[in-house]
Amino acid sequence: MGLVALSLALFALHYAVFQDPHHLAIFTLHDLAFLPIEVLIVTMVIHELIEHRQKRSMLEKLNMVIGAFFSEAGGELLERMTEFDPDREEISRDLIPTADWTDADFAKATKRAVASAGNMDARLGDITGLTDFLVGKRDFFLRLLENPNVLEHEQFTDLLWAVFHLTEELSHREDLSTLSEHDLEHLSGDLRRAYALLTAQWLSYLKHLKKSYP
């Protein structure tokens, strides 16, 4: 209302000084004609740039949450899950980058780690120990999922859901020592999905650390 009142006052001042309603009408119509283009520029360009910057800033802050995840549970979970990877000796080297790694090296290592997840086998590792660990961290995973900002990070959200689903699948089986082949194959699939997302997120987090805290 204040801006409208100011605009009317300036129109009145213009008319009082120049006494020229013809040119006043021309300039007014000219400004109104340009208004849709101005709105377009503000909403589709400037607004998008501001939103992109805000989202990037929020994702940077979410790296603190991701760091807490790996400190509290993700690091040990990664160590436990590599037991189920028949290629763990080789893939472990890809999960420990050096200071000389470039973005291309991170991308290549992520691709190899995700491919290696396809070989995960629930028969190879300590599935009882993994279950006890995941069940013990269930409340922590739930607290992370309750953070609305986490949902903005699609990769990390998918990882949390995959880990939580694996936790539920394991905890609902009463005797893990007598699993059927069907159960073992089903759990192997859940392990593959969680492991692929976990290794990819781990390398993404290390890439962030290398850039932000070299």
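What you are looking at is a predicted structure, and each value in this text was computed from that prediction instead of being measured.

J.: Go over the nonpolar core, please, and point to the residues and values.
T.: Phe69, Met81, Leu134 and Phe156 are the most contacted members of the largest nonpolar core, which has 48 residues in total. Among the secondary structure elements, those contributing two or more residues to this core are helix H2 (21-81), helix H4 (103-116), helix H5 (127-136), helix H6 (138-145), helix H7 (154-171) and helix H8 (181-212). Among the elements that make up this core, the one with the highest residue count is H8 (eleven residues). Residues within four places of methionine 81 in sequence aside, it is in contact with Met120, Leu130, Leu166, Leu191, Ala194, Tyr195 and Leu198.

J.: Which residues make up the packing of aromatic side chains, and what are the values?
T.: By the definition in use, this model includes eight aromatic pairs. Centroid distance tryptophan 101 to phenylalanine 106: 5.1 Å. Interplanar angle 80 degrees. Geometry classified as edge-to-face. Residue classification places tryptophan 101 among the buried positions, given a relative accessible area of 14%. Both rings, one in phenylalanine 140 and one in phenylalanine 141, keep their centres 6.1 Å apart while their planes meet at 55 degrees; by these two values the pair is tilted. Classification of phenylalanine 141 by relative accessible area gives buried; the value is 1%. Put simply, the rings of Phe69, Phe70, Phe140, Phe141, Phe156, Trp202 and Tyr205 touch in pairs and so form one group of aromatic residues.

What counts and how
Residues numbered from 1 in each chain as written. Predicted model: local features only at pLDDT ≥ 70, side-chain atom pairs only at ≥ 80, totals over all residues. Heavy atoms only, no water. Core = buried A, V, L, I, M, F, W, Y, C linked by side-chain atoms within 4.5 Å. Buried < 20%, exposed > 50% of the residue type's maximum accessible area, 1.4 Å probe, protein only. Helix = DSSP H or I, 4+ residues; strand = E, 2+ residues; numbered from the N terminus. Contact = heavy atoms within 4.5 Å. Phe/Tyr/Trp six-rings, centres within 6.5 Å; stacked < 30°, edge-to-face > 60°.

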